[in-house]
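# Working through the structure, step by step
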Amino acid sequence: MKIKTITTWADYNYGASLQAYALTTYLKKKGHDVEMINYLPPYQTRMYDYMWVNPESKASKSMITRWIYRVAKFAQRMTTLGRKKVFDEFNFKILPLTSVCFHSFNELYANPPKADLYIVGSDQVWNVLYEAGNDPSFFLEFVKQGKKASYAASFSYLDIDEANRKRIAKSLKSFDGIAVREYQGRDLLNTMGIESTWVLDPVFLLSVEDWSRLTDSKKGSYANIMEKPYLLIYDFEGNSELKAFAIEYAKQRGLKIYAITDKYPLRYADKNFKKVGPVDFVRLIANCKAFVSNSFHGTAFSIIYHKPVFVFNRHRHQVNSRMESLLTAFNLKDCLLDTKEKKTLAFTKVFDWEKVDSLKNEKMLASEAYLKSLSI
């Protein structure tokens, strides 16, 4: 079967790149002809567009503030060019992109790549707080012939107004199959009169051996450093509670503290990694002794590699439903350290990985059954 997938993949986010790789790799392993639509609308590529200023931000109010913002953005992004390079190497060399690049819905609609089946997902492709969630491309409205389905699509934000509900319901009624990544997303669709299936995030479709083949095939940047036992941190927001927990946990177990840092280094870490691409992201988690984060996909890979994982909520509460759903699925809700009692118990927590794997295998069967229902 000829399959085309479409997802958000080019915003220099670990989860975006890795879930895109996982779904296309899994489908290829099943013997299908798979490509990912090379879709790069402006909102996906402006991270390194130094002239772009959000018109709704305070920085856009005057010419002076706009230029101050641009200079600051340029200076900050210059420090992350190494990270950009390793992401580009992964995204443009490893992901099976279509030869034609599309920059808008109109371009896609005018000349859609041919396929028997189109799959949208995973990640937050239907989050209406983001531009992707308002882009008809991610509701497959460019498809004129062929089956339409989603796999592990995520709303994340659930408080959706009536106008968006009507728009979403209208688009999804033409789908041949709908699968979402969060239980809350399934419940939301039920209120719209749309049936859907809960499935695992694509990264779980690949085995440890599959992921190890990827990491082993690429030269590691931090092999010598990873020989020492370490706790790994990936913190989006400089969370003070996460910091305090990580320091104490590492102290009790004699671990170094390593941190993956996208922008600013963590002063309390023994080592900050600033040029980590998707492959090294997986490798650093695979070799750590514990993972402390507010990252959905970081948590997912900790589960895959059987690493003690401790999660802190994001300050933006609208995106926390996805983490709650993930931890609930694997009976790890006590790893979400949102109370004082949970933080205290975390220091002595024993992980039952056999039980976790049993749950994963059970949910893997359901996820594969959904894909088979699409004649895959």
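Residues numbered from 1 in each chain as written. Predicted model: local features only at pLDDT ≥ 70, side-chain atom pairs only at ≥ 80, totals over all residues. Heavy atoms only, no water.

## What about the overall build of the protein chain?
Definition in use: Secondary structure elements are defined from DSSP: runs of H or I of at least 4 residues count as helices, runs of E of at least 2 residues count as strands, and each element is numbered from the N terminus. Each residue gets one of three labels from its accessible area relative to the maximum for its type: buried under 20%, exposed over 50%, partly exposed in between, using a 1.4 Å probe on protein chains only. The contact rule is simple, with two residues in contact once any of their heavy atoms fall within 4.5 Å. Computed with the Shrake-Rupley method and a 1.4 Å probe, the accessible areas treat only the protein chains shown as cover for residues.
Of the regular secondary structure elements, the protein chain holds 14 helices and 12 strands. Residue burial in the protein chain is summarised as follows: out of 376 residues, 56% are buried. Looking at the protein chain alone, contacts between residues at least 24 apart form 76% of all its contacts between residues at least 6 apart. Carbon and sulfur atoms provide 51% of the accessible area of the protein chain, an area that totals close to 17100 Å².

## Concerning the pattern of salt bridges
Oppositely charged side chains are able to pair whenever their charged atoms sit close together. In plain terms, the rule: Each reported salt bridge corresponds to a side-chain nitrogen of Lys or Arg within 4 Å of a carboxyl oxygen of Asp or Glu.
By the definition in use, this model includes 12 salt bridges. Ionic pairing is found between Arg213 and Asp210, a salt bridge with its closest N-O pair at 2.4 Å. In this pair, Arg213 and Asp210 both sit in helix H8 (residues 208-217), 3 residues apart, roughly one turn of the helix. Among the residues examined, Arg213 registers a relative accessible area of 53% and is labelled exposed. Several salt bridges share partner residues, and in doing so they unite Asp123, Arg181, Glu182 and Asp201 into one network.

## Notes on the nonpolar core
So the rule is basically this: As used here, the term nonpolar core means buried Ala, Val, Leu, Ile, Met, Phe, Trp, Tyr and Cys residues forming a set that is joined through side-chain atoms within 4.5 Å.
Counting residues in hydrophobic clusters, the biggest one holds 94 residues, and the most contacted among them are Tyr151, Trp211, Leu231, Ile233 and Phe301. It is helix H1 (residues 14-29) that contributes the most residues to this core, 8 residues altogether. Counting 33 residues, the second-largest nonpolar core is a separate cluster that includes Phe139, Val180, Met192 and Ile194.

## Observations regarding the environment of Tyr268
In this structure, Tyr268 sits in the loop between strand S9 (256-260) and strand S10 (271-273). Linking Tyr268 and Ile247, residues 21 residues apart in sequence, is a C-alpha distance of 8.0 Å. Discounting chain neighbours no more than four positions away, the residues touching Tyr268 are Ile233, Leu242, Lys243, Ile247 and Ile257.

## Some remarks on the packing of H8 against helix H10 (residues 278-286)
The criterion, for reference: Axes here refer to lines fitted to C-alpha atoms; in helices the fit is confined to the stretch in contact. Angles between the N-to-C directions go from 0 to 180 degrees. Helix crossings fall into two classes, left-handed where the near helix is turned counterclockwise from the far one by less than a right angle and right-handed where it is turned clockwise. Lys, Arg, Asp and Glu make up the charged group, whereas Ala, Val, Leu, Ile, Met, Phe, Trp, Tyr, Cys and Pro make up the nonpolar group; the residues left over, Gly among them, are polar.
Where H8 contacts H10, the two axes come as close as 9 Å, and the packing angle between them is 115 degrees. In this structure, the crossing between H8 and H10 has a hand that is left-handed. Each of Leu214, Thr215 and Asp216 in H8 lies in contact with H10, whose residues at this interface are Val279, Val282 and Arg283. Of the residues assigned to the contact of H8 with H10, the class counts are 3 nonpolar, 1 polar and 2 charged.

## So, the sheet that holds strand S1 (residues 2-6)
Keep this limit in mind: Strands pair, by our definition, only if DSSP identifies at least two bridges between them.
One open sheet accounts for 5 strands, arranged S3-S2-S1-S4-S5; its pairing is parallel. The strands lining the two open edges of the sheet, one partner per strand, are strand S3 (97-102) and strand S5 (147-150). Ignoring strand direction, the axes of neighbouring strands in this sheet form an average angle of 25 degrees. Bridge count between S1 and strand S2 (residues 33-39): 4 bridges; the pairing is parallel. By the bridge assignment, Ile3 is partnered in S2 with Val34. Across the face of the sheet, H1 comes into contact with S1, S2 and strand S4 (117-120) while running at roughly 155 degrees to S2.

## Regarding the environment of Lys173
Along the chain, the position of Lys173 falls in the loop between helix H6 (162-172) and strand S6 (179-180). A C-alpha to C-alpha distance of 9.4 Å links Lys173 and Gly193, two positions 20 residues apart in sequence.

## Quick look at the packing of aromatic side chains
We apply this condition: Stacked, edge-to-face and tilted are the three classes for Phe, Tyr and Trp ring pairs, Trp counted by its six-membered ring, which pair at centre distances within 6.5 Å; planes under 30 degrees apart are stacked, over 60 edge-to-face, the rest tilted. In this scheme, Lys NZ or Arg CZ marks a charge over a ring once it lies within 6 Å of the ring centre and within 35 degrees of the ring normal.
Taken as a whole and judged by the stated rule, the model has 29 aromatic pairs. Centre to centre, the rings of Tyr234 and Phe236 are 4.9 Å apart; their planes meet at 50 degrees, and the pair counts as tilted. Residue classification places Phe236 among the partly exposed positions, given a relative accessible area of 34%. Linked through ring pairs, Phe245, Tyr249, Phe310, Phe312, Phe347, Phe351 and Trp353 together constitute an aromatic cluster. The ring of Tyr249 has Arg253 lying over it, and the distance from NZ or CZ to the ring centre is 3.9 Å. A cation over a ring is seen here: Lys349 above Phe351, with NZ or CZ 4.8 Å from the ring centre.

## Describing the sheet that holds strand S11 (residues 290-293)
Read from one edge of the open sheet, 5 strands run S10-S9-S8-S11-S12, paired in parallel fashion. Two strands bound the open sheet, and with one partner strand each, they are S10 and strand S12 (309-311). Going from strand to strand, the sheet's axes swing by 20 degrees on average, the running direction of each strand aside. Sheet topology places strand S8 (residues 230-234) next to S9; 4 bridges connect them, and they run parallel. Looking at S9, one finds that Leu231 is bridged to Ile257. Here H10 sits on the sheet and contacts S8, S9, S10 and S11; the angle it forms with S8, its principal contact strand, is near 140 degrees.

## Some words on H6
Test applied: Picture the helix axis, draw a direction to every C-beta atom, and the arc is the one those directions span. As used in this structure description, the phrase polar contact means that two N or O atoms lie within 3.5 Å; if the pair is within protein, one of them must be able to donate a hydrogen and the other to accept it, and residues adjacent in sequence are counted only when both atoms belong to side chains.
Considered for burial, the residues of H6 that qualify are Asn164, Ile168, Ala169, Ser171 and Leu172. All buried residues of H6 lie within an arc of 165 degrees about the axis, which places them on one face of the element. Structural note: H6 exposes Ala163, Lys166 and Lys170 on the side pointing more than 90 degrees away from its buried face. Residues of H6 that are buried sit in contact with helix H7 (183-191). The opening residue of H6, the one whose side-chain oxygen lies 3.1 Å from the backbone nitrogen of Ala163, is Asp161.

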